[in-house]
Amino acid sequence: MKQTLSKNKFIYLLLTFVILFGFFQPAPSARAESNLHSPLVKAQKQLATLTPQEKVGQLFLVTFEGADTNPGSDIYDLITNYHIGGAVLERHNDNFPSYENMAEESWALINNLQWVEYNSSRIPETELHNNSLTPPSYIPLFIGLSQEGDFSSHSTLLNGISPIPSQLAIGATWEPDLARDVGFQLGEELSVLGVNMLFGPSLDVLSNPKPDQPSDLGVRSFGGDPYWVSKMGQAFISGVHQGSDNQIAVVGKYFPGLGSSDRLPDKEIATVRKSLEQLKQIDLTPFFSVTGGAPSKKETVDALLNSHIRYQGLQGNIRSTTRPISLDPQALALLMSLEPLGSWRQNGGLLISDNLGSQALRQLYDPTGKSFNIRQVALDAFIAGNDILYLGNTGDQNAPLSLSEIENTLNFFAQKYVEDQTFAERVDNSLLRILTLKYTIYEVFNISTVLSTHNLLSGIGSGRAANEVARKSSTLISPILGELNNVLQSPPQLNERIIILTDTASEYICANCEEVHTLRKHSLEEALLRLYGPQSGRQITSANISSYSYQEVINLLDFPLDTEYLDQALKSADWIVVVSRDTSPNRPSSLALHRLLAERQDLIRDKKIIVFALNAPYYLDATNISKLTAYFGIFSKLSPFIDVAARLLFKEIPSPPGDLPVSVPGIGYDLITATSPDPEQTIPLFVGGRPDESSEGLSLEATPTPSVYESGDLVEAETGIILDHNGNPVPDGTPVQFVINSQGEIIQLPQVETQNGTAEISFIIERSHDLEIQAVSSPAQSDRVLIRVKADAQNQAGTEPTTTQNVSTLTPTPVPAENKDPASPVSTIQEDQKVKLQVWFLTLITITAVSIFAYQIGALLGQIRWAIRWGISSFICGMFVYNYLVLDLPGAEFITGSTYLSLRFGISVFSGSLLGWLISFLALKYFPTKKLTSK
């Protein structure tokens, strides 16, 4: 009897422990950030298994020559023996042997690189046994490239995938949805090729165009307004993530911004003379908007490319100059401490150094050019705060980084990891970010999930995102639209002579490949004949069109006797149509139009001169523009844009829909003024809420005052969309002043700023008199809206109340801030705690309910003892299932790693409780209780 009681006591104690242990176990979160199978947790587990050599290898991205990935090649050695983290593809390194098969070859090269990484982790068991080796971990490679579009030198793939327009062309549409469409198309097609890292978009703000200067960005920016660059950047990044199904890491460039630099940092270190406050207002704004300030995860960049830019006056002292920001720990730490960069960094944001083998850093570290210690450069960049070190070999073409230099650097880092604990911790921190990003791209590190399917290649190359951008970006630069019909009353006639002058362009696929013409001198002529020639309406004939290159124009100006044919052609022309690009002192032929307008006015007199700018629109000054009949911005040299130029010439597009996204001094166009409120508009103003836009007969332009207010009531006022001079919503942060008029007394409420083109405010009525309210966003304003206020009893009796406050004391109430991004740290923690509480509560209710039900069934059957056992058994088994899931034991990931976590948890513990009841029921049937007999 005592023995039985002792056993029962032990069982009761065990049961009590299980119950208490289960109650105090936290439920797993439904969010990926705290999920037991989140990328972060997987990365932590992976990190613990790596050797020092494997760890430091993951820090490096390299470039390589050719397309050979077989044993004996440099890239094979770096992947197999040094465990590098990834590679960057560049056509300048001969990674693509031919133009025609570029998509096929890039797919094959990327798959081969991933196979090399996978095979290096598959050391045969016999070799492992004989040499006591541990196989390296399989970690997929980052395969990155740059693809800026417009067939530029900054685009890796010139064929095989659908062409994308320049960023400036996208900016000229002023439609973020089109930026998203272009990003979606690019992300979708690059992911088919196996690319998992995109260097782009550029988030530089072209606030102060510098034509003919080394810092000129041309069409490589979305524009000159930080707000619109932010909007376009967010949309583009979102498109890439969605198009690739989050299989591509997006790297925003060029942090902290090249728009204000005095040169591009490829040949020499660039310098920016701005204070930190100035940087925050313009240059850093787009980077804020795609890091911690992004609306959601899909608009957030995965990494930033850290540029070689030095800053003068960063901390207020204009005489103090930093080292390149990519190499300066203090300056970089200062920038990364700014919100919202700081929160993005804490949540795993990566910093990637720009090319550490560039000519700019060679000159900085070794002005004599005799020696270049890449090992020291890489160490400085890593200590400065970069997580991934880009060892490009595209600096000095006569002295690229050698394989031995890269290997020595990797060996040096591995040795330092072993000897220096502080350095090792720094490596582990960066590696955790890298592995987390790779686990975000690939849920599991399996070669089958990494490789792209060959049969998907047939579906790329036919995207049409550029067509809509071409149509909506075309912009009339000069004259204004109202004067265009006066100076250009009709398109070219059948008998009129057209001369086309084109600034041709070409690119090289590889060192030994023939050049690819990306803009030919006959491109516009062919478009004109295709759209308006003998086969399409016969508005023009080929006999009356002749095309010449800019170089031929230069020859005409320098050697007139040798180019009489062009002289005669220009003299006999009725139309001179110019297809221009950028201008550069390093490319003398780019100045052909400038020289023609200045030196041979006899050839252009009484001609209709039409210029289509296929690059940035600010290369002509006021004098040059005054000599033109019409000047259009096209912003890209892709075929759809050439077609739009042809349609503009023939007035098929009478009103170009685009607007200039940058300032153009030659026509007095200032972007800051253009994006300020248009004084010609009447700002819509609503009191007491907007009307239902779906209701018939209601106009958003005029809103009747709602019901009569009383003293002490809260009044809410809101503007409609405030438009700028181009008809677009004004940028966020545009100041708006709400002004109240009460019996002739004017009160200005605290100034507010626009959000998504609108502004709102609320205040409390403190006096029983009618009010008028007006919104002013200088120089635009709204109509006055009457606010009726019910008179109190004293006023109705004709007695002035003694306690009434003056209307100047109207109390504004703060407008509720928008909900924070659900991915922010605070909201994430709150949501995680909420989910945990829901799961715990549901579990407790479910288990308790089943246990009580089991007891009730036993009691109804007259089996009181077994009813108690059934209830206890149900409770124990339910808690066992709960603890099993919480402790993440084998198989638990099928529940904790899924969506609808609360429901799945509830079903699991419910099933566990039923199983406990079933076990007790079977025990009653097969092992009936023996009655105790007393002696």
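Here is what the cut-offs are and how they apply
- Residues numbered from 1 in each chain as written.
- Predicted model: local features only at pLDDT ≥ 70, side-chain atom pairs only at ≥ 80, totals over all residues.
- Heavy atoms only, no water.
- Helix = DSSP H or I, 4+ residues; strand = E, 2+ residues; numbered from the N terminus.
- Buried < 20%, exposed > 50% of the residue type's maximum accessible area, 1.4 Å probe, protein only.
- Pairing = 2+ DSSP bridges.
- Contact = heavy atoms within 4.5 Å.
- Polar contact = N/O pair within 3.5 Å; in protein donor to acceptor, adjacent residues only side chain to side chain.
- Core = buried A, V, L, I, M, F, W, Y, C linked by side-chain atoms within 4.5 Å.
- Expected span 1.5 Å × (residues − 1).
- Phe/Tyr/Trp six-rings, centres within 6.5 Å; stacked < 30°, edge-to-face > 60°.
- Lys NZ or Arg CZ within 6 Å of the ring centre and 35° of its normal.
- Axes fitted to C-alpha atoms, helices over the stretch in contact; angles between N-to-C directions.
- Salt bridge = Lys/Arg side-chain N within 4 Å of Asp/Glu carboxyl O.
- Disulfide = S-S within 2.5 Å.

Quick question: what am I supposed to make of the side chain of serine 430 here?
Tracing the backbone through its elements, the reader meets serine 430 in helix H17 (residues 421-441). Residue serine 430 is classed as buried on the basis of its relative accessible area, which comes to 0%.

I keep staring at the pairing of strand S23 (residues 745-748) and nothing clicks. Help me out?
Direction of pairing for strand S22 (residues 735-742) relative to S23: antiparallel, over a ladder of four bridges. Within S23, the position partnered with serine 742 by the bridge is glutamate 745.

Would you take a moment to explain helix H15 (residues 374-384) for this structure?
Residues spaced three or four apart along an α-helix face the same direction, because each turn holds 3.6 residues. Of all 11 residues in H15, eight are buried; the element is thus mostly enclosed. Considered for burial, the residues of H15 that qualify are Ile374, Val377, Ala378, Leu379, Asp380, Ala381, Phe382 and Ala384. Lining the buried residues of H15 we find strand S1 (60-62), helix H12 (329-336), helix H14 (359-365), strand S10 (389-391), helix H16 (403-419) and H17. At the N-terminal end of H15, a side-chain oxygen is found 3.2 Å from the backbone nitrogen of arginine 375, two or three residues along, and the residue is asparagine 373. Glycine 385, located one to two residues past H15, shows a positive phi value of around 135°.

Is there a simple way to explain the nonpolar core in this structure?
What tends to happen in soluble globular proteins is that the nonpolar side chains get buried as a cluster. Within the largest apolar cluster, 216 residues are counted, with the highest numbers of intra-cluster contacts made by Leu190, Leu193, Phe413 and Leu528. If one sorts the elements of this core by residue count, H17 sits on top with nine residues. Beyond its immediate sequence surroundings of up to four residues, leucine 190 is in contact with Leu145, Leu157, Ile161, Val195, Leu198 and Ile248. Phe738, Ala759, Ala780 and Val785 belong to the second-largest nonpolar core, a separate cluster that totals 24 residues.

Sorry if this is basic, but what is going on with H17 here?
The end-to-end C-alpha distance of H17, which contains 21 residues, comes to 30 Å, matching closely the 30 Å that a straight helix rising 1.5 Å per residue would cover. The opening residue of H17 is aspartate 420, an N-cap whose side-chain oxygen sits 3.1 Å from the backbone nitrogen of threonine 422.

Before we go on, may I ask you to explain the side chain of serine 238 in this structure?
Here serine 238 shows up in helix H9 (residues 226-243). Its relative accessible area of 0% is what places serine 238 among the buried residues.

Teacher, can you tell me more about the environment of serine 920 here?
By the secondary structure assignment, serine 920 is in helix H33 (residues 901-926). For the pair serine 920 and tryptophan 870, spaced 50 residues apart in the sequence, the C-alpha separation amounts to 5.5 Å. In this structure, serine 920 is in contact with Trp866, Arg869, Trp870 and Ser873, ignoring residues within four places of it in sequence.

When you look at the packing of aromatic side chains in this model, what are you seeing that I'm missing?
For any pair of aromatic rings, the description rests on two quantities: the centre-to-centre distance and the angle between the ring planes. If you walk through the whole model with that rule in mind, you get 17 aromatic pairs. Relative to tyrosine 138, the ring of tyrosine 118 lies with its centre 5.1 Å away and its plane at 90°, an arrangement referred to as edge-to-face. Here the residue tyrosine 118 occupies a position in helix H5 (residues 102-120), and tyrosine 138 occupies one in the loop between helix H6 (125-131) and strand S3 (142-146), the gap between them amounting to 20 residues. For the residue pair tyrosine 118 and tyrosine 138, the accessibility class agrees, reading buried in each case. When the centroid spacing of 3.8 Å and the interplanar angle of 10° are considered together, the rings of tyrosine 439 and phenylalanine 445 count as stacked. A residue is classified by how much of its surface remains accessible, and tyrosine 439, at 11% relative accessible area, is buried. Its relative accessible area of 15% is what places phenylalanine 445 among the buried residues. One aromatic cluster in this structure is built from Phe60, Phe382, Phe412, Phe413 and Phe423. Just above the ring of phenylalanine 412 sits the side chain of arginine 375; from NZ or CZ to the centre is 4.6 Å.

How do you make sense of the sheet that holds strand S12 (residues 498-502) when you look at a structure like this?
Pairing between the strands of a sheet is mediated by backbone hydrogen bonds and can be parallel or antiparallel. Taken together, the six strands give an open sheet; going across it, the order is S11-S18-S17-S16-S12-S15, and neighbouring strands pair in mixed fashion. In this open sheet, the two edge strands, each paired with only one partner strand, are strand S11 (475-478) and strand S15 (545-549). Each strand axis lies, on average, 20° off the axis of its neighbour in the sheet, ignoring direction. Sheet topology places S12 next to strand S16 (residues 575-580); five bridges connect them, and they run parallel. The residue of S16 that forms the bridge with leucine 501 is valine 578.

Mind showing me how you'd approach the pattern of salt bridges here?
Following the criterion strictly, the structure yields 30 salt bridges and no others. The salt bridge involving arginine 220 is made with glutamate 148; its shortest N-O contact spans 2.9 Å. In this pair, arginine 220 is assigned in the loop between strand S4 (197-202) and H9 and glutamate 148 in the loop between S3 and helix H7 (167-173), connecting sequence segments 72 residues apart. The class of arginine 220 is buried, set by a relative accessible area of 12%. A relative accessible area of 9% means that glutamate 148 is categorised as buried. A salt bridge links lysine 274 to aspartate 283, with the nearest nitrogen and oxygen atoms 2.7 Å apart. One salt-bridge network, held together by shared partners, links Glu175, Glu468, Arg471 and Lys472.

Before we go on, may I ask you to explain the state of the cysteines in this structure?
Simply put, disulfide is the name for a covalent bond between the sulfur atoms of two cysteines. The final tally for this structure, using the stated rule, is one disulfide. A sulfur-sulfur separation of 1.7 Å characterises the disulfide bridge that pairs cysteine 510 with cysteine 513. Because the torsion about its S-S bond is 85°, the bridge between cysteine 510 and cysteine 513 counts as right-handed. Residue cysteine 510 is classed as buried on the basis of its relative accessible area of 11%.

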